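Below, each chain spelled out in residue letters.
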Amino acid sequence: MSDQIKFIVDNLNKEPFRKNYNLITFDSLEPMQLLQVLNDVLAEIDPKQVVDIREEMPEQTTKRMLSLLGILKYKPPGNATDMSTFRQGLVIGSKPVIYPVLHWLLQRTNELKKRAYLARFLIKLEVPSEFLQDETVADTNKQYEELMEAFKTLHKECEQLKTSGFSTAEIRRDISAMEEEKDQLIKRVERLKKRVETVQNHQRMLKIARQLRVEKEREEFLAQQKQEQKNQLFHAVQRLQRVQNQLKSMRHAAADAKPESLMKRLEEELKFNSYMVTEKFPKELESKKKELHFLQQVVSEPAMGHSDLLELESKINEINTQINQLIEKKMMRNEPVEGKLSLYRQQASIISRKKEAKAEELQEAKEKLANLEREVSVKTNQTREFDGTEVLKGDEFKRYVSKLRSKSTVFKKKHQIIAEFKAEFGLLQRTEELLKQRHENIQHQLQTIEEKKGISGYSYTQEELERVSALKTEVDEMKGRTLDDMSEMVKKLNSLVSEKKSALAPVIKELRQLRQKCQELTQECDEKKSQYDSCAAGLESNRSKLEQEVRGLREECLQEESRYHYTNCMIKNLEIQLRRATDEMKAYVSSDQQEKRKAIREQYTKNIAEQENLGKKLREKQKAVRESHGPNMKQAKMWRDFEQLMECKKQCFLKQQSQTPMGQVIQEGGEDRLVL
């Protein structure tokens, strides 16, 4: 699991995702964030999946992802119950469900992109059979299928062109490089023309050089024609020899054999060919078809994991055990008739196998003979192309072998001389190294002597002067050879340009043909795509209309269903009310007093009387309260004033007790006065 998470994180950090996750941050993602990461990976595979899942319902998100994973042929591990858990885990963003999906998607992104692209055009729209009875719908569906098949063929051709190794970019680069080289050559030629203009009779010399070039090109063309004619003559001679050999063999066979033997041989060949056509080839064709069907099934199925392989191995073991049990039961029966028939069957199967083996050996021998004949013809052609001579035969071949032996002895002697030279070269190289070391030591001693004498660098300056003088002489010689070198360079450049042109001529022809073919294919692809788009647009409009009709009918069905439930509820309520009304009437009409007391009317009248009595009492109480409200409020105010007065006296008394007397209290006429 850790390797899986590491692989996912590494791929998410690369282009085009660039998430900048590590193992901790990725493992700590919320379910909604993990679903958004999965949606981003799916959007990279199919651009239609670019959606912010926060703005989408969870059911729609799950449905969209499951449909795309089904198109991409993702197979969740486990059986049907695990499939339901997979759906639930995808809804809630479970890590054990999403991690394997991400690992599978990131392993094969390019392959899945291609599969998603092809799914847009190759997933067939299923049209109901009742709609196909209409002629226009049937014709449109047939045209749609034809366009789909045409798209398949065009896509295969496009893939073959992509994988053929033919790169137009490389050719364009070569052409651009050759154009740059051409510009440089033109500039050099112009410079050389300016220099040549000073020479006398330069126009005549240029004309002669031009005629010489034309004649050389003509000579090359004639040599090429001559070589082609030689090849054609050689092939014609070979064909003639082959036909003559066949004629000789047929004449020899006709001379030595009788009509009966010829007929017998022809009958044998006819039997062999009829056996091959009626028995062997159909069996091989059937086996190849089965193998192809099996391989197509294997390709169509998704990649199998270790658990799937173990399951298949267990099934194979079970089937093998069942086969062994059936064989044992058959052997236990041991019926005599079956035993005799089995003997004949075994003999017949052995004979048929031998017959098939001999037929295969004969076919292989014929194929081997044909291959050897082809190889001989190819080798003779190659030897003729290399040497221009035919293959040696008989005495000529013996003389050629003796000549090769004499040359091999000369080669051995020369090889021995070369080995001696190599050994002497090694000795000379060693002596050179020793002399260099001795020279370095002498130079070092010379430098120390020069430093002692005060003339350090004298030998170095003298060597530099000698080297500079030698370089000056070389430069003077090069200046003398400049004009000749320039003329030779012009000749070389002209020959190089002609070689490049001749080498590029077939490539340019092929490029033109391929460009024309590419333009035709692109034009045809655009036409097919426009036809497909128009057909898809028509089908999409029809589908949208049908969806609108279905949506309207569903809404109408829902409205009618809700109205039906509403009416049912109203009917039930009315039935309950009607039942209560009948019970009330029965109780009200009944002569029994207890039944009357149970009636709702009696209960309501009783409650009304009780409430009226209670209201009367409350009104009387309200009246009494209103009458006593004023005196009571006045009395309450007097009590509050009395409390304040008593509190004030209390405070004064406490202050008098706690402090020194600040004044004199005088009592007059029942009042207390404080004089400071």
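What you see is a predicted model; the values in this text were computed from it and never measured.

Quick look at the overall build of the protein
Scanning the protein for helices and strands turns up 20 helices and 2 strands. Buried residues in the protein amount to 13% of all 676 residues. Here the protein has roughly 57,200 Å² of accessible surface; of this, 56% comes from carbon and sulfur atoms.

Notes on the packing of aromatic side chains
Enumeration over the complete set of coordinates arrives at 7 aromatic pairs. Ring geometry for tryptophan 639 against phenylalanine 642: centres 6.0 Å apart, planes inclined by 85 degrees, an arrangement best described as edge-to-face. A residue pair is termed a helical-turn pair when its members lie 3 or 4 positions apart in one helix, as tryptophan 639 and phenylalanine 642 do in helix 20 (residues 629–658) at 3 residues. In this structure phenylalanine 642 comes out as partly exposed when scored by relative accessible area, which is 43%. Ring-pair connections join several aromatic residues into one group, and the members of that group are Tyr117, Phe121, Phe151 and Tyr532.

A look at the side chain of aspartate 46
Tracing the backbone shows aspartate 46 in the loop between helix 3 (31–45) and helix 4 (58–71). Using a relative accessible area of 8% as the deciding quantity, one classes aspartate 46 as buried. Ignoring any residue separated from it by four or fewer positions in sequence, one finds aspartate 46 in contact with Leu68 and Ala116.

Thoughts on a nonpolar patch on the surface
A cluster of nonpolar side chains, Val196, Val199 and Met205, forms an exposed patch at the surface whose accessible area comes to about 240 Å². Within the secondary structure layout, valine 199 lies in the loop between helix 10 (168–196) and helix 11 (202–256). What makes valine 199 partly exposed here is its relative accessible area of 38%.

Quick look at the packing of helix 1 (residues 2–13) against helix 6 (residues 95–107)
Close contact between helix 1 and helix 6 brings their axes to 10 Å; oriented N to C, the two are set at 55 degrees. Between helix 1 and helix 6, the interaxial angle falls into the category oblique. Seen from above, helix 1 lies across helix 6 with left-handed handedness. Of the residues in helix 6, those in contact with Gln4, Ile5, Phe7, Ile8, Asn11 and Leu12 of helix 1 are Tyr99, Pro100, Leu102, His103, Leu106 and Gln107. For the contact of helix 1 with helix 6, the residue count by class is 8 nonpolar, 4 polar and no charged.

Section: unusual backbone geometry
Phi is positive for asparagine 20, which is not a glycine, with a value near 60 degrees. Checked against the element boundaries, asparagine 20 lands in the loop between helix 1 and helix 2 (23–27). Of note, lysine 73 is a non-glycine position whose phi angle comes to about 65 degrees, a positive value. Take lysine 73: it is sitting in the loop between helix 4 and helix 5 (80–92).

Thoughts on the nonpolar core
Membership of the largest hydrophobic core comes to 32 residues, with the highest contact counts inside it found for Leu12, Phe26, Leu38, Leu72, Leu102 and Leu105. Counting only elements with at least two residues in this core, the list comes to helix 1, helix 3, helix 4, helix 5, helix 6 and helix 7 (109–122). Once you skip the residues sitting within four places of it in the chain, leucine 102 turns out to touch Ile8, Phe26, Val37, Leu38 and Val41. Counting 8 residues, the second largest nonpolar core, distinct from the first, contains Leu147, Met148, Tyr532 and Cys535.

As for the pattern of salt bridges
One side chain can pair with another of opposite charge once the charged atoms of both are near each other. All chains considered together, the criterion is met by 14 salt bridges. Lysine 315 is the salt-bridge partner of glutamate 311, the closest N and O atoms lying 4.0 Å from each other. Here glutamate 311 and its partner lysine 315 are both found in helix 13 (residues 306–333), 4 residues apart, which amounts to about one turn of the helix. Taking relative accessible area as the criterion, glutamate 311 reaches 43% and is therefore assigned partly exposed. A relative accessible area of 43% means that lysine 315 is categorised as partly exposed. Taken together, the salt bridges that share partners define one network made up of Glu540, Arg543 and Glu547.

A word on a negative patch on the surface
A cluster of like negative charges, contributed by Glu157, Glu520, Glu524, Asp526 and Glu527, occupies part of the molecular surface. For the negative patch, the element with the highest residue contribution is helix 17 (residues 482–589), accounting for 4 residues.

A closer look at the packing of helix 3 against helix 4
At a minimum axis distance of 12 Å, the contact between helix 3 and helix 4 shows a crossing angle of 40 degrees. As the angle between them shows, helix 3 and helix 4 are arranged oblique. Considering the relative orientation of helix 3 and helix 4, their crossing is left-handed. Residues Leu35, Leu38, Asn39 and Leu42 of helix 3 form the contact with helix 4, whose participating residues are Arg64, Met65, Leu68 and Leu69.

What to know about the environment of glutamate 149
Mapped onto the secondary structure, glutamate 149 falls in helix 9 (residues 135–163). Given the relative accessible area of 45%, glutamate 149 is considered partly exposed. The sequence separation of glutamate 149 and leucine 122 amounts to 27 residues, and the corresponding C-alpha distance is 8.8 Å.

Let's talk about the side chain of asparagine 39
With respect to the helices and strands, the residue asparagine 39 is situated in helix 3. According to the relative accessible area criterion, asparagine 39 is buried, its value standing at 0%. Among residues more than four places away in sequence, those in contact with asparagine 39 are Gln49, Val51, Ile53, Arg64 and Met65.

The rules we used
Residues numbered from 1 in each chain as written. Predicted model: local features only at pLDDT ≥ 70, side-chain atom pairs only at ≥ 80, totals over all residues. Heavy atoms only, no water. Helix = DSSP H or I, 4+ residues; strand = E, 2+ residues; numbered from the N terminus. Buried < 20%, exposed > 50% of the residue type's maximum accessible area, 1.4 Å probe, protein only. Areas by Shrake-Rupley, 256 points an atom, 1.4 Å probe, with all protein chains shown as cover. Phe/Tyr/Trp six-rings, centres within 6.5 Å; stacked < 30°, edge-to-face > 60°. Contact = heavy atoms within 4.5 Å. Patch = residues over 30% accessible without salt bridge, like charges linked within 9 Å, V, L, I, M, F, W, Y side chains within 5 Å. Salt bridge = Lys/Arg side-chain N within 4 Å of Asp/Glu carboxyl O. Axes fitted to C-alpha atoms, helices over the stretch in contact; angles between N-to-C directions. Parallel < 35°, antiparallel > 145°, perpendicular 65-115°, else oblique. Left-handed = near helix turned anticlockwise from the far one by under 90°. Nonpolar A, V, L, I, M, F, W, Y, C, P; charged D, E, K, R; others polar. Core = buried A, V, L, I, M, F, W, Y, C linked by side-chain atoms within 4.5 Å. Lys, Arg positive; Asp, Glu negative; His and termini not counted. Charge placed at Lys NZ, Arg CZ, Asp CG, Glu CD.

Purely geometric stuff here, so don't read any function into it on its own.
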